[in-house]
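Residue-level listing of the chains:
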Amino acid sequence: MNRVRDALNAAARRSRRPTWVAPAATRPQRPLIAHASPARPPGREPGRPATAASGPAPGTASRSRAVRLRDWAELLRLPALFTVPGDALAGAAAAGRRPNRRTGLAVAASLCLYQAGMALNDWADRDEDAAERPHRPIPSGRIAPRAALAAGVGLTVAGLALASRAGRSATVLATALAGTVWAYDLRLKHTPAGPAVMATARSLDLLLGAAATARPARSSATPAGTAGWRGALGPAAGLGAHTAAATLVSRRETQGGSPVTARSPRLCDRRPLRVGGRGPDRHLRSPTCTGTCTSAS
């Protein structure tokens, strides 16, 4: 019995003996995250392949430059430039001389002053255009007013510099033309003097071509360029008269038609017309009717 009891006590002591535990330094470390996903770069959506570094798409810069050029072409009315050289060339013909290098300088000066007038026109009318023509470059925000004014100043200076290369008389006429353009756009456009100022500008443009082209004879005591003016004064006066009349008619059309047309009841017959005794009433309108005439009695 004693042997059995000793064996049981020994077995009990062996069962209470602590098991061996490896030190912390030798224990394998378990990762905190079992499956860590790779870092996603900023701006990349999950599931999409990696692309090149972000930046403007190819061709975006060239397209933006093309749009800016179109906006400036609209502001300066580039298609209308083809009508400008005619004045200087007509002045050269009126002076009785062939076009020469100075004629080209006069044409270039006229083009610069014309474009300066276009930029100043839209800058001066920016408030009116915002209400009536919001699609124009300045009220639509495509061109800043300060940029349009700077363009007008720069083109004016360029025109005067080109005219100075054509002689003293051309410089004087170009200066007078530039002053006329600025006065018309900034002050006199919407006044009764507007048509006369526009006519003066066209006449000065023709005389600019004549003065730049003409060369006085060596034995002549006439000041440089004056001999060419004498032959061009008549054509310049005729061009001015035509321009004044056209400007006056255009102004009356924008204000609702000519007063003569508005007071002529016979130009527009508003009596009802029935074709074949059936159908709705139709309004008979003369080709000269502007819609402001009164009904026929």
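Each remark here, short or long, concerns the structure printed above.
Within each chain, residues carry numbers counting from 1 in the order of the written sequence. For a predicted model such as this one, the threshold for reporting local features is a pLDDT of at least 70, and the threshold for listing and counting side-chain atom pairs is 80 or more; totals across whole chains, interfaces and linings nevertheless cover every residue. No hydrogens and no water enter the side-chain calculation; it runs on all heavy atoms of the structure.

1. Here we look at the overall build of the chain
Counted only if it meets this: A run of H or I in DSSP counts as a helix once it spans at least four residues, and a run of E counts as a strand once it spans at least two, with each numbered from the N terminus. Exposure is judged per residue with a 1.4 Å probe applied to protein chains only, and the accessible area is read against the type maximum: over 50% gives exposed, under 20% gives buried, and values in between give partly exposed. Contacts between residues were defined by any pair of non-hydrogen atoms, one from each residue, lying within 4.5 Å. Note on areas: Shrake-Rupley with a 1.4 Å probe; residue coverage comes only from the protein chains shown.
Check the secondary structure of the chain and you find ten helices and two strands. Taken from the N to the C terminus, the helices and strands of the chain come in the order α-α-α-α-α-α-α-α-α-α-β-β. Here the chain, with 297 residues, has 28% of them falling under the buried criterion. Once local pairs closer than 6 in sequence are excluded, the contacts in the chain between residues at least 24 apart make up 70%. Total accessible area on the chain stands at roughly 19,800 Å², and carbon and sulfur atoms take up 60% of it.

2. Thoughts on the side chain of Asp185
The cut-off we apply is this: Lys and Arg are tallied as positive, Asp and Glu as negative. Neither His nor the chain termini are counted. Every case where a carboxyl oxygen of Asp or Glu lies within 4 Å of a side-chain nitrogen of Lys or Arg is listed as a salt bridge.
With respect to the helices and strands, the residue Asp185 is situated in helix 7 (residues 168-188). Buried and unpaired, Asp185 has no salt bridge, with Lys189 as the nearest side chain of opposite charge at 4.4 Å. In this structure Asp185 touches Gly117, Leu120, Asn121 and Ala124, once residues within four positions along its chain are discounted.

3. Overview of helix 7
Rules: A helix is expected to span 1.5 Å for every residue after the first. Picture the helix axis, draw a direction to every C-beta atom, and the arc is the one those directions span.
The end-to-end C-alpha distance of helix 7, which contains 21 residues, comes to 28 Å, matching closely the 30 Å that a straight helix rising 1.5 Å per residue would cover. Along helix 7, the residues classified as buried are Ser169, Ala170, Leu173, Ala174, Leu177, Ala178, Thr180, Val181, Tyr184 and Asp185. All buried residues of helix 7 fall inside an arc of 165° around its axis, so they share one side. In helix 7, the exposed positions that point more than 90 degrees away from the buried face belong to Arg168 and Arg187.

4. So, the packing of helix 4 (residues 101-124) against helix 6 (residues 145-164)
Definition in use: In this analysis, axes come from line fits to C-alpha atoms, helices being fitted only over the stretch in contact, and the angle between any two N-to-C directions falls in the range 0 to 180 degrees. An angle counts as roughly parallel when it lies under 35 degrees, as roughly antiparallel when it exceeds 145, as roughly perpendicular when it falls between 65 and 115, and as oblique in every other case. Note: crossing handedness is left-handed where the near helix turns anticlockwise from the far helix by less than a right angle, and right-handed where it turns clockwise. Three classes are used, and their members are as follows: Ala, Val, Leu, Ile, Met, Phe, Trp, Tyr, Cys and Pro are nonpolar, Asp, Glu, Lys and Arg are charged, and the others, Gly among them, are polar.
As a packed pair, helix 4 and helix 6 sit with axes 8 Å apart at the nearest point and diverge in direction by 160°. It follows that helix 4 is roughly antiparallel to helix 6 by the angle criterion. Relative to helix 6, helix 4 is oriented so that their crossing is left-handed. The segment helix 4 lies against helix 6, with Leu105, Ala108, Ala109, Cys112, Leu113, Gln115, Ala116, Ala119, Leu120 and Trp123 engaging Pro145, Ala148, Leu149, Ala151, Gly152, Leu155, Thr156, Ala158, Gly159, Leu162 and Ala163. Taken together, the residues that form the contact of helix 4 with helix 6 break down as 17 nonpolar, four polar and no charged.

5. A word on the pattern of salt bridges
Scanning the model with the defined rule gives ten salt bridges in all. The residue Glu74 makes a salt bridge to Arg136 at a minimum N-O spacing of 3.6 Å. Within this pair, whereas Glu74 is found in helix 2 (residues 60-76), its partner Arg136 is found in the loop between helix 5 (126-132) and helix 6, the two being separated by 62 residues in sequence. Looking at Arg136, the relative accessible area reads 10%, which means it is buried. Notably, a salt bridge pairs Arg77 with Asp122, separated by 3.0 Å at the nearest N-O pair. Residue Arg77 is located in the loop between helix 2 and helix 3 (85-94), and its partner Asp122 is located in helix 4; the two are separated by 45 residues in the primary sequence.

6. Digging into the packing of helix 3 against helix 4
The N-to-C vectors of helix 3 and helix 4 enclose an angle of 150°; their axes lie 8 Å apart at closest approach. With respect to helix 4, the axis of helix 3 lies roughly antiparallel. For the crossing formed where helix 3 meets helix 4, the hand is right-handed. Between helix 3 and helix 4, the contacting residues are Pro85, Ala88, Leu89 and Ala92 on the first element and Thr103, Ala106, Val107 and Leu111 on the second.

7. What about the packing of aromatic side chains?
Any aromatic ring pair is given by two values, namely how distant the centres are and how the planes are angled relative to each other. Rules: Classification of ring pairs rests on two measures: the distance between centres of Phe, Tyr or Trp rings, Trp counted by its six-membered ring, which must be within 6.5 Å, and the angle between planes, read as stacked under 30 degrees, edge-to-face over 60 and tilted in between. As a reminder, the over-ring test applies to NZ of lysine and CZ of arginine, requiring each to be within 6 Å of the ring centre and within 35 degrees of the ring normal.
All chains considered together, the criterion is met by zero aromatic pairs. Over the ring of Trp123 we find Arg126, and its NZ or CZ is 4.5 Å from the ring centre.

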